[in-house]
Amino acid sequence: MHSVSNFLNSKRYWLLLAALSVAMLGIALFYQYALGEEPCQVCIQARLWVFALLLLSMAIATLPENRHLRLSGNLLALTCTVGLGERAWFLYQLENGIGNGSCEFQLGMPDWFAIDQWFPSLFEVRNLCSFTPEMPFGLSMAEGLLLIAGLLGIVISCALLSHQMTSQAESRSTGAPQ
């Protein structure tokens, strides 16, 4: 248990989150450019959450180790994961006809954050929402994103618990009040 806690409080943990984010973006781009599966508005919004997790993970991995920075980083990473999960759930509902919504042929970001115009190869909406492509194990891309968001949420929650347990142990050993 101690080695898991050490890992969740290390730079390697943040580098693993960054590598997972790069892999997810790489898979999305493979489906887009190699397989011709053009992304919809919700897909691009999910991509933005993954990109935010990548930037956050790289920032935390390169900054000096600090307990408060790790806590803030894990809370922001959990926010990215919840955002990804929400977009995946919305997409899952749309593709299964159980949702109450639709998507547009534009990203819908404000003019001051026109990321779809700055980086169109990554963030340009090119399709309307419908069925997501099938992935390995018979999962749709929406189901795969839901699974990944759930697993990431569990891992990040464990990191937050580990952070809390480490903080309590440190305060007991120094005699400082919690």
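Residues numbered from 1 in each chain as written. Predicted model: local features only at pLDDT ≥ 70, side-chain atom pairs only at ≥ 80, totals over all residues. Heavy atoms only, no water.

1. A word on unusual backbone geometry
Negative phi characterises most residues that are not glycine, and trans characterises most peptide bonds. Even without a glycine there, the phi angle at F137 is positive, about 70°. Its place among the elements puts F137 in the loop between helix 6 (120-123) and helix 7 (141-174). The exposed category is assigned to F137, whose relative accessible area is 82%. (Helix = DSSP H or I, 4+ residues; strand = E, 2+ residues; numbered from the N terminus. Buried < 20%, exposed > 50% of the residue type's maximum accessible area, 1.4 Å probe, protein only.)

2. Examining the packing of aromatic side chains
Under the counting rule described, the total for this entry stands at seven aromatic pairs. Ring plane angle 85° and centroid distance 6.2 Å describe the contact between F7 and Y13, whose orientation is recorded as edge-to-face. You can call F7 partly exposed: its relative accessible area is 25%. Relative accessible area serves as the criterion here: at 1%, Y13 is assigned to the buried category. Summarising the aromatic geometry, the rings of W112 and F113 are spaced 6.1 Å apart at their centres and angled 50° between planes, so their arrangement reads as tilted. On the basis of relative accessibility, which here comes to 69%, the residue W112 falls in the exposed class. Linked through ring pairs, F7, Y13 and W14 together constitute an aromatic cluster. Between R87 and the ring centre of F90, over which it is positioned, the NZ or CZ distance is 4.7 Å. (Phe/Tyr/Trp six-rings, centres within 6.5 Å; stacked < 30°, edge-to-face > 60°. Lys NZ or Arg CZ within 6 Å of the ring centre and 35° of its normal.)

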